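Spelled out, the chains give:
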Amino acid sequence: MTNAARFTPRFSLALSGGGAAALGHIPVIEELDAAGARPEAIAGTSMGALIGACMAAGMTGAEIRDHACGLSSNIARIGARMLRGASWGDLGLSFFLDPAEILKIVLPDALPDRIEDLDIPFTAVATDFYRQSETRFDAGPLAPALAASMAIPGVFRPVVIDGRVHVDGGVCNNLPIEALPEDCPVIAIDAVTDPPDENADQVPGPLMTSMGAMRIMMRALLERQLQDREPFRLLRPDSRRFGPLDFRHTDDILKAAEPIRAEIRDTLEELDLKKSS
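Moving on, we get to the overall build of the protein chain. Per the secondary structure count, the protein chain includes nine helices and 10 strands. Looking at the protein chain as a whole, 50% of its 277 residues qualify as buried. Surface accessibility of the protein chain: about 13200 Å² in total, with carbon and sulfur atoms responsible for 53%.

In this section: the packing of aromatic side chains. Counted under the stated rule, the structure contains one aromatic pair. Judged by centre distance (5.0 Å) and plane angle (85°), the rings of Phe129 and Tyr130 are edge-to-face. The side chain of Arg233 reaches across the aromatic face of Phe232, ending 5.0 Å from its centre.

In this section: helix α5 (residues 99-106). Taken together, the buried positions of α5 are Pro99, Ile102, Leu103, Ile105 and Val106. Down the axis of α5, the smallest arc covering the buried residues is 155°, so these residues share one side. For α5, the N-terminal capping position is held by Asp98, with its side-chain oxygen 3.0 Å away from the main-chain nitrogen of Ala100.

Residues Ser12 and Ala14 point to one face of strand β1 (residues 12-15) and Leu13 and Leu15 to the other, with burial holding for every one of them. Looking at chain direction, β1 and strand β9 (residues 186-189) are connected through four bridges and run parallel. In the strand pairing of β9, Leu15 is matched with Ile189. Where β1 meets strand β2 (residues 42-45), three bridges bridge the pair, whose relative direction is parallel. For Ala14, the partnering residue across the bridge sits in β2 and is Ala43. Note that the unit made of β1, helix α1 (residues 25-34) and β2 has a crossover that is right-handed.

Turning our eyes to something else, we now look at the environment of Gly17. Following the sequence through the fold, Gly17 ends up in the loop between β1 and α1. For the pair Gly17 and Gly44, spaced 27 residues apart in the sequence, the C-alpha separation amounts to 7.3 Å. In this structure, Gly17 is in contact with Ala22, Thr45, Ser46, Met47, Gly48, Asn174, Ala191 and Val192, ignoring residues within four places of it in sequence.

Of all hydrophobic cores here, the largest spans 64 residues; its most connected members are Leu32, Leu111, Phe122, Leu146 and Ile264. Residue contributions to this core peak at eight residues, all from helix α2 (residues 47-56). When sequence neighbours within four positions are dropped, the list of residues in contact with Leu111 reads Ala53, Cys54, Ala57, Met59, Leu142 and Leu146.

With that settled, consider the side chain of Ser12. Here Ser12 shows up in strand β1. Judged by relative accessible area, Ser12 falls into the buried class, the value being 0%. When sequence neighbours within four positions are dropped, the list of residues in contact with Ser12 reads Pro39, Glu40, Ala41, Leu180, Cys184, Pro185, Val186 and Ile187.

Here the focus is unusual backbone geometry. Its identity is not glycine, yet Ser46 carries a phi of approximately 55°, on the positive side. Summarising the element assignment, Ser46 is placed in the loop between β2 and α2. Of note in the backbone geometry, Asp162 takes a positive phi value of approximately 55° without being a glycine. Position of Asp162 among the secondary structure elements: in the loop between β7 (159-161) and β8 (164-168). Judged by relative accessible area, Asp162 falls into the exposed class, the value being 78%.

Turning to the side chain of Ser149, a few remarks are in order. Along the chain, the position of Ser149 falls in helix α6 (residues 142-149). Its relative accessible area of 0% is what places Ser149 among the buried residues. Contacts of Ser149, omitting those with residues within four sequence positions, involve Gly44, Thr45, Ser46, Ala49, Val125, Ala126, Asp168 and Gly169.

Attention now goes to the packing of α1 against helix α3 (residues 61-72). Between α1 and α3, the least distance of the axes is 8 Å, while the angle of their chain directions is 150°. Taken together, α1 and α3 sit at an angle that is classed as roughly antiparallel. Each of Ile26, Pro27, Ile29, Glu30 and Asp33 in α1 lies in contact with α3, whose residues at this interface are Gly61, Ala62, Ile64, Arg65 and Ala68. Of the residues contributing to the contact of α1 with α3, the split by class is six nonpolar, one polar and three charged.

What counts, and at which threshold
- Residues numbered from 1 in each chain as written.
- Predicted model: local features only at pLDDT ≥ 70, side-chain atom pairs only at ≥ 80, totals over all residues.
- Heavy atoms only, no water.
- Helix = DSSP H or I, 4+ residues; strand = E, 2+ residues; numbered from the N terminus.
- Buried < 20%, exposed > 50% of the residue type's maximum accessible area, 1.4 Å probe, protein only.
- Areas by Shrake-Rupley, 256 points an atom, 1.4 Å probe, with all protein chains shown as cover.
- Phe/Tyr/Trp six-rings, centres within 6.5 Å; stacked < 30°, edge-to-face > 60°.
- Lys NZ or Arg CZ within 6 Å of the ring centre and 35° of its normal.
- Arc of directions from axis to C-beta.
- Polar contact = N/O pair within 3.5 Å; in protein donor to acceptor, adjacent residues only side chain to side chain.
- Pairing = 2+ DSSP bridges.
- Right-handed = clockwise from strand over helix to strand, strands pointing away.
- Contact = heavy atoms within 4.5 Å.
- Core = buried A, V, L, I, M, F, W, Y, C linked by side-chain atoms within 4.5 Å.
- Axes fitted to C-alpha atoms, helices over the stretch in contact; angles between N-to-C directions.
- Parallel < 35°, antiparallel > 145°, perpendicular 65-115°, else oblique.
- Nonpolar A, V, L, I, M, F, W, Y, C, P; charged D, E, K, R; others polar.

Shown next, in the form of structure tokens:
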């Protein structure tokens, strides 16, 4: 953009979970890059935490896109490695994937070991399973915090940090607006997959049931959270129509999210006008 230096409003960025659907955050970051706009702080849950950490580490949206597409092109090999690290659950009727092992495969080399070494203040949100409450990681080892944030119940093995058992942050807070400074306008991106079709009559399998229940719960929680604190702008990329495990459709997901760019431009203009008034 020729006016890239024009946009200098203060804002922070909240990125939701949503599995593969949350790859829709990438065009958001690309458009912020094009405008020369940099958040003062980033908070994310699950896949939103992973993408947010990449941005906080200084990666551009284009670099994150290239990394995601590279992983997608090797999805079979990555899936095989994930399964090799799986463990069987109760009575041998289910198995857990290890999120820490998955991160060893998917994390870009650009990310530092510790959260406080990121270029932008960053918070990853997870859920303390036994305290039944939200945990915010804004310092300490980065990879375990991301693993805890993405540990979807019934799919990923819970993650123990400092003696506490953690599961996916979406159980308590899938769009962590409250984890960001109150004195800074928040751009919140909700990329959680759409709930199941209300007219469908297919009896879902165990995995679809777990994922669908999580989506229903996250949407209900978000509606209540918005009553306490509304962001400056809440945006929803069209990528949310994809399933949380649809990583093989990365190109289609990114294409579906493209219209969010215009909404980001409009939001930055509104923030710029607000700053000037």
